[in-house]
Amino acid sequence: MATSTPTGPSTAPATAVPAPTAPAPREPFWADAERHLVRYGGAFTPAIIERAAGSFVYTAEGRKILDFTSGQMSAILGHAHPEIVETVQRQVATLDHLFSGMLSRPVVDLARRLADTLPEPLEKALLLTTGAESNEAAIRMAKLVTGRHEIVSFARSWHGMTQAAASATYSAGRKGYGPGAPGNFAIPVPNAYRPDFTAADGSLDWRRQLDFAFDLIDAQSTGSLAACLVEPILSSGGIVEPPPGYFAALHDKCRERGMLLILDEAQTGLCRTGTWYAFERDGVVPDILTLSKTLGAGLPLAAVVTSAEIEQEAHDRGFLFFTTHVSDPLVAAVGNTVLDVLARDGLDRRARSLGTFLRQGLDDIAERHAVVGDIRGRGLLAGLELVADRATKQGSDALGALVTRRCFELGLHMNIVQLPGMGGVLRMAPPLTATEDELSLGLSVLDTAIGEAEATL
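None of these values were measured; they are calculated from a predicted model.

The next thing to look at is the confidence of the model for the protein. When pLDDT is averaged along the protein, the result is 94, and 94% of the positions lie at 70 or above. Under a pLDDT of 50 for its full length, residues 1–17 has, in the predicted model, 36 contacts with residues more than four places off or in other chains.

Below you can see the structure in the form of structure tokens.
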């Protein structure tokens, strides 16, 4: 794999994929989709995807679409990585699935190797399937170990759609489903671009915000605070990264109250932000770490990692999380291959250098277009917030939708996050195996789409 060191966006113009001509009739497919599929969140992308390879997906009409989201923010090695393909083919032919109480070498190897990538005392792993499932298990473990039930999370968080995970999710999906799990509380997001507590110079006063948040938590708590579950960088919350020092202070708040700190690194874990884990920046080790998405590089693999002390206490109290696909050997083998590639190819360093390249390109776009309000993120997880007015930071759902649609027409798949009180935030998470030319192509398309949308205001 080529791993050239990025130095900055290329000055040579990148050629965007031309807009499609009139598509061939697709009525049978779309009629079947409309008739038989349950819609589960937003509109479906208006294309039939036939295959994917590397940084691109390919439609039934033969269009080549640059994938700036790595699938569902997961395929960190790109699509159809040859070593992942080989692992799946070999493993599915020898050992794919077992009774959940049986163990295999890929499972034990992956648990050991994950521990080797983490600081002490994180050394015990539970291998599951999805991010929601790993957060569900982590919350269940925290409640059992502490003997308490109250969970604190960020407003605008996304931790999954199962019961406990959904109850700790505040960015979407809370209304109309009846009561969530009792004892869930939200604290404000420390968003430096849209500060709610400010210092004399107008910057975010996150310490005062955090003190205020826990004053409210203490007022509402029944004395049964079990854990705080947060992402190091809020992704569905708009690529918002709490400032340096925040997580150390949050860790102290948890310790003062006997709470466990659970960090959800579904999207930030395993090199995407330029280090193996995003929490490394802050020098804070969580009590429980949850991984998913990036661990399986697009296949359904997740993990809960904790200390031997917490695992022992959970076991002594009868911890139960016996699921159909716990400790499955097929995806565990894939996880081992993911770790092989990440370490061998130095993809943490590559994410840092490519992240610098991407950030410089986004900063250049911001200089040319007044509708770009903010650029943020770390490594190859970036966010660009679109606003109708840079001075007032007034958001525009229509602007975000227009840019996203035009990007797709020009051959770039982007994901837009739109939340009340914010402009549309374009989330970018290209594969760690992407090239500078591919990033330049994406930046060129994005520049064009923003310029066209800006002209309509």
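That covers the picture; the talk isn't over yet.
Bringing the packing of aromatic side chains into the picture now. Throughout the structure, instances matching the rule amount to nine aromatic pairs. The interplanar angle of 45° and the centroid separation of 5.2 Å between the aromatic rings of Phe197 and Phe212 together place this pair among those described as tilted. Taken as a pair, Phe197 in the loop between strand E6 (184–187) and helix H7 (206–220) and Phe212 in helix H7 lie far apart in primary sequence, 15 residues in all. According to the relative accessible area criterion, Phe212 is partly exposed, its value standing at 40%. Each ring, one from Tyr277 and one from Phe279, has its centre 5.8 Å from the other, and the planes form 15°; the classification is stacked. A single burial state applies to Tyr277 and to Phe279, both of which are buried. Aromatic rings pair up to connect Phe154, Trp206, Tyr246 and Phe247 into one cluster. Taking the ring centre of Tyr58 as reference, the NZ or CZ of Arg51 above it sits at 3.9 Å.

Attention now goes to the nonpolar core. By size, the foremost hydrophobic cluster in this structure holds 90 residues, and its most contacted members are Leu342, Leu362, Leu384, Val403 and Leu446. Core analysis: the second largest hydrophobic core is formed by 23 residues, Leu128, Met141, Ile151 and Phe321 among them.

Further remarks concern unusual backbone geometry. A cis amide bond, omega 5°, links Glu120 with the succeeding residue Pro121. Structurally, Pro121 can be placed in the loop between helix H4 (105–116) and strand E4 (122–128). Although it is not a glycine, Arg156 sits at a positive phi angle of roughly 70°. Look at Arg156 and you get partly exposed, because its relative accessible area is 24%. At Ala297, a position not held by glycine, the phi torsion is positive, near 50°. Note on placement: Ala297 falls in the loop between strand E9 (288–291) and strand E10 (302–307).

On to the sheet that holds E10, then. The seven strands are arranged E4-E10-E9-E8-E7-E5-E6 in an open sheet whose pairing can be described as mixed. At either end of the open sheet lies a strand with only one pairing partner, and these are E4 and E6. Taking each pair of neighbouring strands and ignoring which way they run, the sheet shows an average axis angle of 20°. Packing of helix H8 (residues 246–256) onto the sheet brings it into contact with strand E5 (150–154), E6, strand E7 (225–230) and strand E8 (260–264), and relative to E8 it is tilted by some 145°.

Thresholds applied
- Residues numbered from 1 in each chain as written.
- Predicted model: local features only at pLDDT ≥ 70, side-chain atom pairs only at ≥ 80, totals over all residues.
- Heavy atoms only, no water.
- pLDDT = per-residue confidence, 0-100.
- Contact = heavy atoms within 4.5 Å.
- Phe/Tyr/Trp six-rings, centres within 6.5 Å; stacked < 30°, edge-to-face > 60°.
- Helix = DSSP H or I, 4+ residues; strand = E, 2+ residues; numbered from the N terminus.
- Buried < 20%, exposed > 50% of the residue type's maximum accessible area, 1.4 Å probe, protein only.
- Lys NZ or Arg CZ within 6 Å of the ring centre and 35° of its normal.
- Core = buried A, V, L, I, M, F, W, Y, C linked by side-chain atoms within 4.5 Å.
- Pairing = 2+ DSSP bridges.
- Axes fitted to C-alpha atoms, helices over the stretch in contact; angles between N-to-C directions.

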